[in-house]
Every structure is written in C-alpha cells, then in structure tokens.
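# Notes for the structure review
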Protein chains: 2
Amino acid sequence: MTTTLTNQQFRLAARPVGMPKPTDWKFTTEPLREPAEGEVVVKAIYLSLDPAMRGWMNEGKSYIRPVMIDEVMRAGGLGKVVASRSPKFAVGDYVSGAIGVQNYWVGPADDKTAGLYKVDPKAAPLPKYLNALGMPGMTAYFGLLDVGQPKAGETVVVSGAAGAVGQTVGQVARQKGCRVVGIAGGKDKCDFVVNELGFDACIDYKNGSVREGLKQHCPKGVDVYFDNVGGEILDDVLTRINMKARIIICGAISQYNNTTPVKGPANYLSLLVNRARMEGIVVFDYADRYPVAVAEMAKWMQAGSFKTREDIVEGLEKFPEALLMLFEGKNFGKLILKVGDEA
Amino acid sequence: MTTTLTNQQFRLAARPVGMPKPTDWKFTTEPLREPAEGEVVVKAIYLSLDPAMRGWMNEGKSYIRPVMIDEVMRAGGLGKVVASRSPKFAVGDYVSGAIGVQNYWVGPADDKTAGLYKVDPKAAPLPKYLNALGMPGMTAYFGLLDVGQPKAGETVVVSGAAGAVGQTVGQVARQKGCRVVGIAGGKDKCDFVVNELGFDACIDYKNGSVREGLKQHCPKGVDVYFDNVGGEILDDVLTRINMKARIIICGAISQYNNTTPVKGPANYLSLLVNRARMEGIVVFDYADRYPVAVAEMAKWMQAGSFKTREDIVEGLEKFPEALLMLFEGKNFGKLILKVGDEA
C-alpha cells in the first residue's frame, strides 16, 4: 500500500557557517519503501522545530551525534501510524518520536534512535505533545526542579520566557510557590507570559535594559536562573544572583549561529562571590521519569492553571525559513511545523 | 611598654588599574598606641600574600568589603602577642589572623574582622599555618572535598599546582585515591609537584599546549577541575571534562589585573553537553570545620606523606614588589612575607 506514496525530505547539504542558508539544505523526493517485518510507517503531522537543531548541524562531539551530510535532518515529531508490521503499534495509532524532517518515517517500531511512543489524542491536543508534554516540557520540568531546586518564596528568572521551554519553566515555578520573572523579546510576549501564564513580571530585552529590569523586578535578587539564551543576558543575570544561587544551562540560542567564538560569561566569577552553581542539563537523562512530569502537568492543565501556546507554521516546504524564526525571535510560543492532517 | 615602638604600614593610596603600581601604595610610620582594656598587641612575623588581595583593592561588592583608600592593606598573617590586656591571649602566644600589612596589630582580642586564633609553634613550623594549615589549605581541602566530591580512581586536575592552594588540592586528592594532574608554569614547578608532592603528572603551560597535555595525561578525561587561574586554561580543561564533572571556581589569577573585561569561559556549553557543574567557593563558609581539616592534614604531614613548600620574601618594605610575584607566576610555593623574627 505505502509504495504508491512518495516521501519528501529535507536533507543536510552543507554544514552552515553562521545562520543556515537555503543552500545548506537539499529537498528530495523519493518513493516510500514498504515496511519490513517489525517495521511501521508513520505519516508525519507535526514536526518540532527547536534551537538545538542548529547544534546538530555542526560537526563534532556533542550530547548527540551530528546529522551527517545528505542525511534527513533530525527532528522530533508526531504522526499517525499508516502501516504496521509490528505488534507494538496499530494503524491509526498516534506516535511521537524523532521522525525527521520528512512526510513519512519508515523503520523498526522499536528503533532506539527514533524512540517512538504512543500518545493519546483525547487526553490533550496533539501539538501539546511537542510542547509541555514533550521534550521542551520535560527539559523545563526536570531542569528546573532537579537542578534548580527552587523553594517556595524564592525568585526564579527564565530567559526565552515565551518559548517552549520558558513557558513551562515559569509555570512550574509558579506552581511551586516561587516569584517568577521572565525575559522575552517584545511587548506581546511579555504581556502573554504575565497575563496568560501568570508570571509575576517580564523584562522586554528588546525595549529596555535587562539589568534595570532585574533590579526592578527581583528586589530580593535571583535564586534560580534558567538560561536558554546565553550571551549578554546571562552576564546581566550573573550580576544579580543571590548566595547559593543555581543557574541551569539549558541552551544559548544567542550563540548558536556565531561565526566568532561563543561569548563566555564574563561575570562567571559571581559564582565564586556567591558560592553559586552553574550546571548543564540534557533532557534524555530523565527519560525514565517523563511519565511523572506528564502526569503532573496534565493535571494542572486540566485544572486550568497551566497553559501553553504553540506557533504553528504550515507546510513541509517552509522548514528552512521556519527554523530561522527561532534565531530571529520571531516565533511566539513553541514553534511547530504542520506537515500533514491530523485525521 | 608598646608606646616606645613605632609601627610601619602599607596603606592603599589608589585603586589600581591593571597591575598594582608603587604609587597605589602609601608607606606610613606612626607611633604604636597602648592597648586598651580587652585589647592585645601582636607583633607580625609572617604575612600571607594571596591572589585574592588584588580583588580586595577594587571598589564594589564582593564576598568581603573592599579595602578603603588610606586603610592599612588587609592581609592574613601570623605573629606573637607582645602585650595583652585580655585573658584570651597571653604575652608570648603565637596567633594567626587578619593582621594587615604592618609590623604591629592592635585591637580587641576578640575582634571579628581580625579573627585571631592561637597556633602551636611546636606542632608545625610557623609558616605552615599560613599554608596548608591556614586559609590556602582550608580552601583547597573544603573546595576539593565538599564541592568537588572526588571519588577514588577519578582524575583531578588543578591549576596553579605549585601554589599554596594547588599543592594541597593535589595532595588531598592523592590521599583520596585519585589520579592527579597539575598545571603549572615552568619545569621546576612541574618537577616539584610530581617528584616531591607525588602528583601523577604536571602540564607546563609555559612550554607546551595545555590541551595536548590534558589529552596525554588525562586519558580517561577530567572528573574534577579545581581552577585557580581562569582564562584560556579553564577553556582548555572544559574541552576535556567527563560526564557529571565538577569544576570548582576558586580564583582566576589570570584575570585579576585585566584592564579589559574578564574573559568568560567560551567553552562553558561543555557544562551542558556533559551535564557538568561549575561552582564557586569561599573558604569562610567552612570556618566551623577548619579543625577537622587541620587535624587530618597535620596527621598526613607527620606521617611524611604530605608536604608543602613556602616561598619566603624578607622585609615589610618588599611588600609591593613581592605581591606582584603572584601575578607574574614568580613565586614557587606559598608566598609569604617575613616581617619580624620568630623569637
């Protein structure tokens, strides 16, 4: 049945220097192969576009191997099983996993790299499974709680506050009784995290001084900083941390497209003065506890005290330009590429 | 009795820009005042010269208040009580504390800032009380064990390996069964830490590549890095850390005299890739546990399995130039200024 279908894919054509260019991609069309015994075919519906993708395009050792030249670009996503020769998934199941920037994924149902798992379309709208109930949410939840260890009454600051990870960091911190201050670009995003998500305040880094904003909105200093951006903002926060502060290094989107060396935090000696800690996290380490986080956040969602926002771009062919939205701060909410119908 | 004596002092004349200049100091001579009720007079014998002193000369909030203009320069030291109107100390007692860059300290025996405490000249040679049995030793011991948490078989790297803190870090790590690799400037210092102190290896940063040295001497990567220097060396070590590595930020001597901004660690995203932690320490936090560390290190010293080296410069008037030895890497061992006789 599936051999009558064609698959379209974005493959890595060249390792980008700075911001990815159209010529760094190759768009290919090929017939879809039949699934072998134990394999499934997943029709992609939603693809997750994440800052980390920029890192996967670089050569060299990281927490995950780089995407190879000519390989289909890696992406998390969500789709529907349209053919199955495995007892693990039935046709019609909705699954999430690393299905790549393409219309169809074919492979073993238990493929470790893809890591497919079933999701329930009735428990939450499908895009939520790529947001708070997916990798960004897990990153936020475990990074904040396990590494940040926020206590009620403490001040938590999060950059990229309107983004996928930031939304969840702030709301989980609110649930835990913290004062939450976001940092985001533009009035709309700041209004959103304060008025819709319930942050105590938000600093608009595009229209004012982050240092002044921190002074104003963190009168008791900063106990936990969840950093998604790096660069100047990390340095600004370092000037306001409290004794024994915890800084979670989740990402550094401001630095991913540098053609010059990464800007290290010049104020890192504030860690010494304040006996503070800066620690990196990678979400995969918490895989065996994802269900705990999903259960807790789903409960808050159902109670109406936890919201998320997605920014959905339609069309596989839009992938190259949609990805750039992340680095230009143009997405408003978790950025998702819709490449197929839900039905 | 003490009014017949004069006191000579180095006071801060100006806040240095870059390396301290002779004109940043004022040398003063004044009659020594009589101790009041509850006060003691301490004749200085040894003064501790430490990289941290450069930070105390700057304006602005830090872990300790800055030295004020015209104030006697702060220094830890060791001396003999020559007059006492306090039951806490008797004439003839040897005491250690923040007695300043001067020949005599006069003040309340229980002065919190000076923090005077008695030392036993028979238990160890007096200079050891400013080295392994003093602040550098306490910094090394608690920084390594409490923050670094080294486990037997792990690889510990320490910069400034021949310096006061580095000597102790390496030897404590050896006692705990770790592989220990030092980083120091020059063949003599490297030979010393390997041949005399028992480090497994030492990288001479003045005569070769630190990155290559780390590759060669840390074949299993770096689990704990105790950083005294910052700058390029911190970045080099960050490229070699293992999963869940611990980096102790104790100082950044390479950056203290910068007239440009501090060089932040450009490779700090290695913390993310490796789920590693960078944490600052200040020795004062461990004050209530100093006796534990002193007892353990004194035991090792008596057993002959723990050595320290001091570099003693004679003459109070040498203070300005002796201090610079630290920043030029010219001291070989814990730098001490001898300003009076032991008797």
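Fair warning: this is a prediction, and the values are worked out from it, not measured in the lab.

The two copies are related by a screw motion: chain A maps onto chain B through a turn of 180 degrees and a shift of 0.0 Å along the axis, at an RMSD of 0.0 Å. Both copies are brought into coincidence by an operation consistent with a two-fold rotation axis. If distances are taken from each C-alpha of chain A to the rotation axis, the shortest is found for G264 of chain A, at 2.1 Å. In this assembly, 100% of the residues forming the interface of chain A have copies in chain B that are likewise at the interface, indicating an isologous arrangement.

Right, let's talk about the domain arrangement of chain A for a bit. Residues and elements named next belong to chain A. For chain A, the domain assignment lists domain 1 (2-131 + 309-338) and domain 2 (135-284). With centres defined by C-alpha atoms, the gap from domain 1 to domain 2 works out at 28 Å. Taken together, the contacts link 21 residues of domain 1 with 16 residues of domain 2. Summed over both partners, the interface of domain 1 with domain 2 buries about 1500 Å², with 62% contributed by carbon and sulfur atoms.

Turning our attention to the packing of aromatic side chains. Summed over the entire model, instances satisfying the criterion amount to 16 aromatic pairs over all chains. Where Y63 of chain A meets F284 of chain A, the ring centres are 6.1 Å apart and the plane angle is 40 degrees; that geometry is what we call tilted. One end of the pair, Y63 of chain A, is in the loop between α1 (52-56) and β4 (77-84); the other, F284 of chain A, is in the loop between β13 (277-280) and α8 (290-302), and 221 residues separate them in sequence. In this structure Y63 of chain A comes out as partly exposed when scored by relative accessible area, which is 25%. Residue F284 of chain A is classed as partly exposed on the basis of its relative accessible area, which comes to 39%. For the ring pair F192 of chain B and F332 of chain B, a centre distance of 5.4 Å and an interplane angle of 85 degrees mean the geometry is edge-to-face. Residue F192 of chain B is located in helix α4 (residues 187-196), and its partner F332 of chain B is located in the loop between α9 (319-327) and β15 (334-338); the two are separated by 140 residues in the primary sequence. Each member of the pair, F192 of chain B as well as F332 of chain B, is classed as buried. By the ring-pair criterion, three or more aromatic residues cluster together here, those being F10, W25, F27 and F319 of chain A. Geometry around W56 of chain B places R74 of chain B over its ring, the cationic atom sitting 5.0 Å from the centre. Above the ring of F332 of chain B, the side-chain terminus of R309 of chain B is found at 3.6 Å from the ring centroid.

With that settled, the discussion passes to the interface of chain A and chain B. Counting from both sides, the interface comprises 31 residues of chain A and, opposite them, 31 residues of chain B. Together chain A and chain B conceal approximately 2600 Å² of surface at their shared face, both sides included; 64% is due to carbon and sulfur atoms. Sorting the residues of chain A by area buried against chain B places Y268, L272 and R275 of chain A first, and these three jointly supply 26% of that buried surface. Seen at the junction of chain A and chain B, the total is two salt bridges. The partner of R275 of chain B in a salt bridge is D285 of chain A, with the nearest N and O atoms 2.7 Å apart.

Turning to the packing of helix α2 (residues 135-148) of chain B against helix α8 (residues 290-302) of chain B, a few remarks are in order. All names here are of chain B. Two elements in contact, α2 and α8, have axes whose closest approach is 10 Å; the angle formed by their N-to-C orientations is 95 degrees. In terms of their interaxial angle, α2 and α8 are classed as roughly perpendicular. The residues of α8 that touch α2, namely those facing M135, G137, M138, Y141 and F142, are Y290, V292, A293, V294, E296 and M297. Here the contact of α2 with α8 is composed, by residue class, of nine nonpolar, one polar and one charged.

For the rest of this paragraph, the subject is a nonpolar patch on the surface. Residues and elements named next belong to chain A. On the surface, Y117, M135 and F284 cluster together into a nonpolar patch covering about 250 Å² of accessible area. Topologically, M135 is positioned in helix α2 (residues 135-148). Overall, M135 belongs to the partly exposed group, its relative accessible area being 32%.

Moving on: the nonpolar core. Among the nonpolar cores identified, the biggest contains 54 residues, and Y225, I247 and M278 of chain A together with Y225, I247 and M278 of chain B are the most heavily contacted of them. Setting aside residues no more than four positions away along its own chain, M278 of chain A makes contact with L234, L238, I247, I249, P265 and L271 of chain A together with Y268, L271, A276, R277 and M278 of chain B.

With that settled, the discussion passes to the pattern of salt bridges. Residues and elements named next belong to chain B. Tallying each qualifying case throughout the model produces 40 salt bridges over all chains. Across the pair D24 and K21 runs a salt bridge whose closest N-O atoms are separated by 3.6 Å. Taking relative accessible area as the criterion, D24 reaches 2% and is therefore assigned buried. The residue E328 makes a salt bridge to K330 at a minimum N-O spacing of 3.4 Å.

The next point concerns the sheet that holds strand β8 (residues 155-159) of chain A. Strand pairs in the sheet, formed through backbone hydrogen bonds, run parallel or antiparallel to each other. What the twelve strands build is an open sheet, ordered β10(A)-β9(A)-β8(A)-β11(A)-β12(A)-β13(A)-β13(B)-β12(B)-β11(B)-β8(B)-β9(B)-β10(B); its pairing is mixed. Whereas interior strands pair on both sides, the edge strands pair on one side only; in this sheet they are β10 (201-204) of chain A together with β10 (201-204) of chain B. This sheet shows a mean twist of 15 degrees between the axes of neighbouring strands, independent of strand direction. Pairing of strand β8 (residues 155-159) of chain B with strand β9 (residues 179-184) of chain B involves five bridges; the strand directions are parallel. What sits directly across from V158 of chain B, in β9 of chain B, is G182 of chain B.

Residue and element names in this part refer to chain A. With 13 residues, α8 ought to run about 18 Å at 1.5 Å a step, and its terminal C-alpha atoms sit 18 Å apart, in line with that. Inspection of α8 places Y290, A293, E296, M297, A298, W300 and M301 among the buried residues, and these make up the whole buried set. On its buried face, α8 sits against α2 and α3 (164-175). Just past α8, the residue G304 takes up positive phi, approximately 80 degrees.

Right, let's get into the environment of V283 of chain B. Residues and elements named next belong to chain B. For V283, the location among the structural elements is in the loop between β13 (277-280) and α8. Assessed through its relative accessible area of 9%, V283 is described here as buried. On a C-alpha basis, the gap between V283 and E317 in space is 29 Å, while along the polypeptide they are 34 residues apart. In this structure V283 touches M135, M138, T139 and Y290, once residues within four positions along its chain are discounted.

With that out of the way, let us pick up the environment of D146 of chain B. Residue and element names in this part refer to chain B. Here D146 shows up in helix α2. Counting along the chain gives 135 residues from D146 to I281, while the straight-line C-alpha distance between them is 9.6 Å. Ignoring sequence-local partners within four residues, the contact set of D146 consists of Y141, Y286 and R289.

Helix α6 (residues 231-238) of chain B sits mainly inside the fold: seven of its eight residues count as buried. Turning to α6 of chain B, its buried residues number three or more, namely G231, I233, L234, D235, D236, V237 and L238 of chain B.

About the criteria used
Residues numbered from 1 in each chain as written. Chains lettered and ligands numbered in written order. Predicted model: local features only at pLDDT ≥ 70, side-chain atom pairs only at ≥ 80, totals over all residues. Heavy atoms only, no water. Least-squares fit on C-alpha atoms with pLDDT ≥ 70 in both. Contact = heavy atoms within 4.5 Å. Domains from an automatic or database assignment. Buried area = accessible area lost by both parts, 1.4 Å probe. Phe/Tyr/Trp six-rings, centres within 6.5 Å; stacked < 30°, edge-to-face > 60°. Helix = DSSP H or I, 4+ residues; strand = E, 2+ residues; numbered from the N terminus. Buried < 20%, exposed > 50% of the residue type's maximum accessible area, 1.4 Å probe, protein only. Lys NZ or Arg CZ within 6 Å of the ring centre and 35° of its normal. Salt bridge = Lys/Arg side-chain N within 4 Å of Asp/Glu carboxyl O. Axes fitted to C-alpha atoms, helices over the stretch in contact; angles between N-to-C directions. Parallel < 35°, antiparallel > 145°, perpendicular 65-115°, else oblique. Nonpolar A, V, L, I, M, F, W, Y, C, P; charged D, E, K, R; others polar. Patch = residues over 30% accessible without salt bridge, like charges linked within 9 Å, V, L, I, M, F, W, Y side chains within 5 Å. Areas by Shrake-Rupley, 256 points an atom, 1.4 Å probe, with all protein chains shown as cover. Core = buried A, V, L, I, M, F, W, Y, C linked by side-chain atoms within 4.5 Å. Pairing = 2+ DSSP bridges. Expected span 1.5 Å × (residues − 1).

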